[in-house]
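# Tertiary structure, described
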Amino acid sequence: METDTMAHTPVNHPLRPLYRALGLLVGAYLVVFAIVGFIQTSGESFTGDNAERALGQGTNLLWSILSLIFGAIILATSVIGRNLDVEADKYVGWTLLVIGSYELATNRTDANFFGFTMSTVVVTYLVGVILITAGLYSKVAAPGKAGAPRQVREGRTA
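Residues numbered from 1 in each chain as written. Predicted model: local features only at pLDDT ≥ 70, side-chain atom pairs only at ≥ 80, totals over all residues. Heavy atoms only, no water.

### A closer look at the environment of Thr 120
You can see Thr 120 is positioned in helix α4 (residues 118-137). As for Thr 120 and Gly 100, which are separated by 20 residues in sequence, their C-alpha atoms are 8.1 Å apart. Every residue in contact with Thr 120, bar those within four places of it in the chain, is listed here: Gln 57, Gly 58 and Trp 63. There is a polar contact of 2.9 Å between the side chain of Thr 120 and the backbone nitrogen of Gly 58. (Helix = DSSP H or I, 4+ residues; strand = E, 2+ residues; numbered from the N terminus. Contact = heavy atoms within 4.5 Å. Polar contact = N/O pair within 3.5 Å; in protein donor to acceptor, adjacent residues only side chain to side chain.)

### So, the packing of helix α1 (residues 16-41) against α4
Direction vectors running N to C along α1 and α4 enclose 145°, while the axes themselves pass 9 Å from each other. With respect to the hand of their crossing, α1 and α4 are arranged in left-handed fashion. The residues of α4 that touch α1, namely those facing Arg 16, Tyr 19, Leu 22, Gly 23, Val 26, Tyr 29 and Leu 30, are Val 123, Val 127, Ile 130, Leu 131, Thr 133, Ala 134 and Tyr 137. Of the residues contributing to the contact of α1 with α4, the split by class is eleven nonpolar, two polar and one charged. (Axes fitted to C-alpha atoms, helices over the stretch in contact; angles between N-to-C directions. Left-handed = near helix turned anticlockwise from the far one by under 90°. Nonpolar A, V, L, I, M, F, W, Y, C, P; charged D, E, K, R; others polar.)

### As for the nonpolar core
The biggest cluster of nonpolar side chains holds 17 residues, and the ones touching the most others in it are Trp 63, Leu 96 and Leu 131. Of all the elements in the fold, those that place two or more residues in this core are α1, α2 (61-80), α3 (84-105) and α4. Ignoring sequence-local partners within four residues, the contact set of Trp 63 consists of Phe 33, Leu 96, Ile 99, Phe 114, Phe 116, Thr 120 and Thr 124. (Core = buried A, V, L, I, M, F, W, Y, C linked by side-chain atoms within 4.5 Å. Buried < 20%, exposed > 50% of the residue type's maximum accessible area, 1.4 Å probe, protein only.)

### A few points about the side chain of Ser 67
Residue placement: Ser 67 occurs in helix α2. Overall, the relative accessible area of 1% leaves Ser 67 in the buried class. Excluding residues within four positions of it along the chain, Ser 67 makes contact with Leu 30, Phe 33 and Ala 34.

### Topic: the confidence of the model for the protein
With 86% of its residues at a pLDDT of 70 or more, the protein shows a mean pLDDT of 87. The secondary structure element of the protein with the lowest average pLDDT is helix α6 (residues 150-153), at 62, and the one with the highest is α3, at 96. (pLDDT = per-residue confidence, 0-100.)

### Digging into the pattern of salt bridges
As enumerated under the stated definition, the model contains two salt bridges in all. Between Arg 20 and Asp 85 there is a salt bridge whose closest N-O contact spans 3.6 Å. In this pair, Arg 20 is assigned in helix α1 and Asp 85 in helix α3, connecting sequence segments 65 residues apart. A salt bridge links Lys 90 to Glu 87; the nearest nitrogen and oxygen atoms lie 3.7 Å apart. (Salt bridge = Lys/Arg side-chain N within 4 Å of Asp/Glu carboxyl O.)

### Some words on the packing of α2 against α3
Across the interface, α2 lies against α3 with an axial gap of 8 Å and an inter-helix angle of 160°. On the basis of the axis angle, α2 is roughly antiparallel to α3. You can see that α2 and α3 cross each other, and the crossing is left-handed. Taken together, the residues of α3 that come into contact with α2 (itself represented by Trp 63, Phe 70, Ile 73, Ile 74, Thr 77, Ser 78 and Ile 80) are Leu 84, Asp 85, Ala 88, Asp 89, Val 92, Thr 95, Leu 96 and Ile 99. For the contact of α2 with α3, the per-class residue count stands at ten nonpolar, three polar and two charged. (Parallel < 35°, antiparallel > 145°, perpendicular 65-115°, else oblique.)

### Regarding empty space enclosed by the protein
Counted according to the given criterion, the structure contains one cavity of 30 Å³ or more. Reported here for the largest cavity is a volume of approximately 50 Å³. In terms of lining residues, the largest cavity is bounded by Tyr 29, Leu 30, Phe 33, Gln 57, Trp 63, Leu 96, Val 123, Thr 124 and Val 127. Looking at the lining of the largest cavity, the elements with two or more residues in it are α1 and α4. Class assignment for the residues of the lining of the largest cavity results in seven nonpolar, two polar and no charged. (1 Å grid on protein atoms, 1.4 Å probe; cavity = no way out; pocket = protein on both sides within 12 Å on 5 of 7 lines; lining within 4 Å. Points joined across faces, edges and corners; volume = space filled by probe spheres on them.)

Structure follows, in structure tokens:
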């Protein structure tokens, strides 16, 4: 049995800069959405469904605050790096999928306290999946600790 196996999560992936840039882009989108949401929902109720939209999505003040927090976390950890962005991308991504699922189930009820519309659910799912993917492929390690690529371990050349 081989004892020097690599985890299933790739380390030092060749497209790591692309995935890190996607994480930064998603964080910036969440911050911009939150700022537009603050402007659109000023004077409206804190929770619940209202007619206000930001960037084509339904929102309220609570969802704008949460989007700002999530976006700031993603931007800060992406700038810092050191694999903090990997963990933040995964946890925030899964959190967004859970929130999107809850809001999908409660979209046209009184329990829709984030003020989601169907377009907001779709965008939340997309943002969550992009963040999870970025978290899976952005991990960095020293070349000595990363291990050989799978093709080399299996005796293949490419």
